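Each chain is listed here by its residues.
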Amino acid sequence: MTIYQNLKLPDLIALVNRIVAIEKIKQTLKRQGIYFSINSIVNDGYCIRIPLNIEQRNFILDFIIDEYFPFSQIKVILKNFDQFLKWPHFERDGTLCLDENFTINPFKPEYMFIIAYEQSVKLIKQCLHNTLESDFEDEFLAYWTRYIESQGTVLSYYLVSLPKKEIQSLYCCGNIKNQLVEYYISADENQLNDYCFRQNIKSRKEKNILFVVLDHPPRPDNYGNLLNLILKKTKSKQNNFNYFKQYVKKGTFKVVCAFKSNNGYMFVGLTINSPLINPKKFKRSTFEKYRNLFTLVNNSNFKIKKAYHNWVYGRDQDINQDLLMGKRVAIIGCGSIGSFVLKNLVMSGVSNITVIDPDILDFANVSRNCIGTNFVGCFKTKAIKYIINKEHPLAEILDKAQTCQTFFSNNNMEEYDLIICCTADYASEMFLMKQLIDSKKNTPIIFAFAETGAVVGHCISILSPSESCFQCGFNDATAQFQFLVCQNKKDSLKKEPGCGGYYNPYGEIEINYINLMTSRIALDILLGKEKNNSHHLWISDRCQLFDLTEFGKKIITSYSYNSFIKLPWLSNKNCYYRDKHGI
């Protein structure tokens, strides 16, 4: 009793749970006739050792149970063989990489143990029969990284754009961050310049790295042959060779090797010693004469960290990213809807956005804007651009601190694939609609706004202004929106101290549903999933605090609260532009 008297109650309960779990495991192993021994280890853990004979070979497995068990995974270690880089899924210390997806069930720890035991036996049998050898290629980076880390300090190079040729030169720049040197590389010099500018990196760009695409990654027993694979690739075509021979006079140069797998690209970095040959004398016909003079520089491998668009926003497997990367979007209004929609679209892979808003950030804006107090007194557009440039330097943000009337009087709408108006300002909305109809173009426009308290959100998407327009939803005489769900009350808008200061009372939680709806519709339009003019609504259960309009009563009768609704957006025979809609 004296051993445990200083334990706090939570620690004592954890100890009891662990002892009970161990006892259940012991009873299960005995019933199944599995020989074992058990010892306590540091931090109140246990090691259960099980000797195995698998296909006439003896193995010793240690099952490590830590102080958090049965609320943690069991670690399994192979003790009597070093199979690192010989068998897949074995770490340097002998740990087996088992399937981590099996369920932890703290109420049946004996089942957890048996699953770990059966998976371990299965993995060893598969390795004995060489059925997992292809995993060395499919998971090449995991093994290569461990291989080069064993050779000493490894620098990281950030690849900010994906090269398009199988062999070409890369530009490189360095940056000191937290007393460490970071390197950024790209085949596109302009893109690298833009990236460095947005990250405030001031460094000279050098074209000093060779990029080579190889057919497939080597397996561990062939890592030492990687240089020969590179040399073979450079000799395979005259164009490849022309790129390569530019580097033979450098003495030492770096190479980035790429391998394409089913799950995306894998990259490794190497440093090569060249024999300082005069490029004019170095020809494909004499290549074999010099081949053995090229060597790898010891302990000079470096990591390539993927920082290019398709990896950052789709892990190389999102088929929509190539399409989104080329889209241009204009967002009007950088407030409680526009600022978050902009950030959502950037994080979804939209790389070219113009943000238009003449307003300056005030303290009262901060609680429902993704711009913080550091930027109070700044134009919202410039502040959001600064934030996005720092967090997402692959995106190009154009800031325009002006009204949409000023901007689109001097810029064509058809330059954009989508325009999103988040101003909830009738004058600017009608200006956009008139510009679109007069242009006789079909540039998609989303009009997004919230009702009082953000209890209801509206997104009207106009893809074909010849069928219907935003004005079709308004009374021409009163300029009142005809599809409000809740009745506007006199006190629904709150007044600030001072003249003319009104605001819609809601916070970020309330408006967030409308932001998500607007962002989702925007992506659907950019990806071609939205085909017709539509009216999207978000209806929250807080509508019950308000009197409903006739339209609202119909909606609530047909749909449930806290739901997203999509309705057709039809033409109105009383619309000012009815003649444009063929009415």
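Residues numbered from 1 in each chain as written. Predicted model: local features only at pLDDT ≥ 70, side-chain atom pairs only at ≥ 80, totals over all residues. Heavy atoms only, no water.

> Tell me what's going on with the packing of helix α11 (residues 338-348) against helix α15 (residues 508-526), and back it up with residues and numbers.
Running from N to C, α11 and α15 cross one another at 45°; their axes reach a closest spacing of 9 Å. Taken as axis vectors, α11 and α15 run oblique relative to one another. Taken as a pair, α11 and α15 cross one another with a handedness that is right-handed. Here Phe340, Val341, Asn344, Leu345 and Ser348 of α11 come into contact with α15, specifically with Glu508, Asn515, Leu516, Thr518, Ser519, Ala522 and Leu523. For the contact of α11 with α15, a count of residues per class yields six nonpolar, five polar and one charged. (Axes fitted to C-alpha atoms, helices over the stretch in contact; angles between N-to-C directions. Helix = DSSP H or I, 4+ residues; strand = E, 2+ residues; numbered from the N terminus. Parallel < 35°, antiparallel > 145°, perpendicular 65-115°, else oblique. Left-handed = near helix turned anticlockwise from the far one by under 90°. Contact = heavy atoms within 4.5 Å. Nonpolar A, V, L, I, M, F, W, Y, C, P; charged D, E, K, R; others polar.)

> Could you give an account of the side chain of Arg198, naming the residues involved and the relevant values?
Summarising the element assignment, Arg198 is placed in helix α5 (residues 189-198). One buried charged residue, Arg198, remains without a salt bridge, the closest side chain of opposite sign being Asp194 at 4.2 Å. Sequence-distant contacts of Arg198, defined by excluding residues within four places in its chain, comprise Asn389, Lys390, Pro393, Leu394, Ala395 and Glu396. (Buried < 20%, exposed > 50% of the residue type's maximum accessible area, 1.4 Å probe, protein only. Lys, Arg positive; Asp, Glu negative; His and termini not counted. Salt bridge = Lys/Arg side-chain N within 4 Å of Asp/Glu carboxyl O.)

> Before we move on, could you go through the layout of surface pockets and cite the residues and values that matter?
Each pocket or cavity is described by its volume, and for the second largest pocket that value is around 770 Å³. Lining the second largest pocket are 33 residues, with Leu162, Gln191, His309, Asn310 and Met325 sitting closest to its centre. Mapped by element, the contributors of at least two residues to the lining of the second largest pocket are α5, β9 (252-261), β10 (264-273), α9 (309-314) and α10 (321-325). Considering each element in turn, the lining of the second largest pocket owes the most residues, four residues, to α5. Of the residues assigned to the lining of the second largest pocket, the class counts are 11 nonpolar, 11 polar and 11 charged. (1 Å grid on protein atoms, 1.4 Å probe; cavity = no way out; pocket = protein on both sides within 12 Å on 5 of 7 lines; lining within 4 Å. Points joined across faces, edges and corners; volume = space filled by probe spheres on them.)

> Can you tell me about the pairing of strand β5 (residues 156-159), naming the residues and giving the values?
Burial of β5 is two-sided: the residues Ser156 and Tyr158 facing one way and the residues Tyr157 and Leu159 facing the other way are all buried. Inspection of the sheet shows β5 paired to strand β12 (residues 303-306) by four bridges, in the parallel sense. Paired with Leu159 across the bridge in β12 is Lys306. (Pairing = 2+ DSSP bridges.)

> Talk me through the environment of Lys26; I want residue IDs and the actual numbers.
The residue Lys26 is located in helix α1 (residues 9-31) in this model. Separated by 348 residues in the primary sequence, Lys26 and Asn374 have C-alpha atoms spaced 60 Å apart.

> Pulling in residues and values, what's your account of the environment of Cys469?
Here Cys469 shows up in the loop between β18 (456-462) and β19 (494-495). For the pair Cys469 and Leu436, spaced 33 residues apart in sequence, the C-alpha to C-alpha distance is 9.5 Å.

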